[in-house]
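Each chain is listed here by its residues.
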Amino acid sequence: MLPLPDVDKAMGLLPMPANFKIDGGHITVETPTPELGGIVYVLDFDLNTVEYRFSDNFAAFHRRLAVQHLLDHVLTAEESRPLGKVVRFPAAPDGNSPELKRFWKF
């Protein structure tokens, strides 16, 4: 599960992974945010975060939302660090398993 940045929450959006790419021993995933920004995650094949980075306009967009009083703070390093953490739920069911097929009509 990818983190929910407060800019997405303020705009009523969920982080939808996009632009998947496998390059060598890594998986690159981008989670777009409003106004053509986003967070890029580089994961290993166990889905651990190897690296993450924000688009150039992410901090500026965050600052603008704070100025517009849609957020109550500016972006800090303390807030940025947890946005790089991908959380796995090993006990979550496999959505493609036959046991769950009865829940999906299509």
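As the structure is a prediction and not an experimental result, all values here were calculated from the model.

Calculation criteria
- Per chain, residue numbering runs from 1 following the sequence as it is written.
- Local features in this predicted model are restricted to residues of pLDDT 70 or higher, and side-chain atom pairs are both shown and tallied only at a pLDDT of 80 or more, whereas totals for entire chains, interfaces and linings draw on every residue.
- Water and hydrogen atoms were dropped before computing side-chain values, which therefore reflect all heavy atoms in the structure.
- Pairs of strands are assigned from DSSP output, requiring at least two bridges between the strands.
- The secondary structure listing takes helices from DSSP runs of H or I that are at least 4 residues long and strands from runs of E that are at least 2 residues long, numbered from the N terminus.
- Every axis in this analysis is a line fitted to C-alpha atoms, fitted for helices over the stretch in contact. Angles between the N-to-C directions lie between 0 and 180 degrees.
- Definition used in this section: a nonpolar core is a set of buried Ala, Val, Leu, Ile, Met, Phe, Trp, Tyr and Cys residues joined via side-chain atoms within 4.5 Å.
- Any residue under 20% of the maximum accessible area for its type is buried, any over 50% is exposed, and the rest in between are partly exposed; the area is computed with a 1.4 Å probe on protein chains only.
- We define a salt bridge as a side-chain nitrogen of Lys or Arg found within 4 Å of a carboxyl oxygen belonging to Asp or Glu.
- Stacked, tilted and edge-to-face are the three classes assigned to paired rings of Phe, Tyr and Trp, where Trp is represented by its six-membered ring and a pair needs centres within 6.5 Å; plane angles under 30 degrees give stacked, over 60 edge-to-face, the rest tilted.

K.L.:
How should the sheet that holds strand β1 (residues 18-23) be read in this particular structure?
P.N.:
Within a sheet, adjacent strands bond to each other through the backbone by hydrogen bonds, running parallel or antiparallel. Read across the sheet, four strands follow the order β1-β2-β3-β4 without closing on themselves; strand pairing throughout is antiparallel. The sheet is open, and its two edges are formed by β1 and β4 (49-54), each paired on a single side. The mean inter-strand angle of the sheet, taken between neighbouring strand axes irrespective of direction, is 15 degrees.

K.L.:
Hey, could you run me through the nonpolar core in this one?
P.N.:
Generally speaking, a soluble globular protein has its nonpolar side chains buried in company with each other. One finds V7, Y41 and L43 to be the most contacted residues of the largest nonpolar core, which totals 14 residues. Put simply, the parts of the chain that give this core at least two residues each are β2 (26-33), β3 (37-43) and α2 (58-67). For this core, the element with the highest residue contribution is α2, accounting for four residues.

K.L.:
Got a minute to help me understand the pattern of salt bridges in this structure?
P.N.:
Pairs can form between side chains of opposite charge once their charged atoms are near each other. Scanning all chains against the criterion turns up one salt bridge. A salt bridge links R53 to E51, with the shortest nitrogen-to-oxygen separation between them at 3.1 Å. By relative accessible area, which is 39% here, R53 ends up partly exposed.

K.L.:
When you look at unusual backbone geometry in this model, what are you seeing that I'm missing?
P.N.:
Both trends apply: most residues other than glycine have a negative phi, and most peptide bonds are in trans. Although it is not a glycine, N19 sits at a positive phi angle of roughly 55 degrees. On the secondary structure map, N19 appears in strand β1. Residue classification places N19 among the exposed positions, given a relative accessible area of 52%.

K.L.:
Honestly, the packing of aromatic side chains in this entry has me stumped. Any pointers?
P.N.:
Overall, the coordinates contain two aromatic pairs when judged by the stated rule. A ring pair is formed by Y52 and F54, whose centres lie 5.8 Å apart and whose planes are at 85 degrees; its orientation type is edge-to-face. Judged by relative accessible area, which is 27%, Y52 ranks as partly exposed. Among the residues examined, F54 registers a relative accessible area of 25% and is labelled partly exposed. A ring pair is formed by F54 and F58, whose centres lie 4.7 Å apart and whose planes are at 25 degrees; its orientation type is stacked. Here a set of aromatic residues connected by ring pairs shows up, and it is made of Y52, F54 and F58.

Remember that the coordinates give geometry; whether it matters functionally is a separate question.
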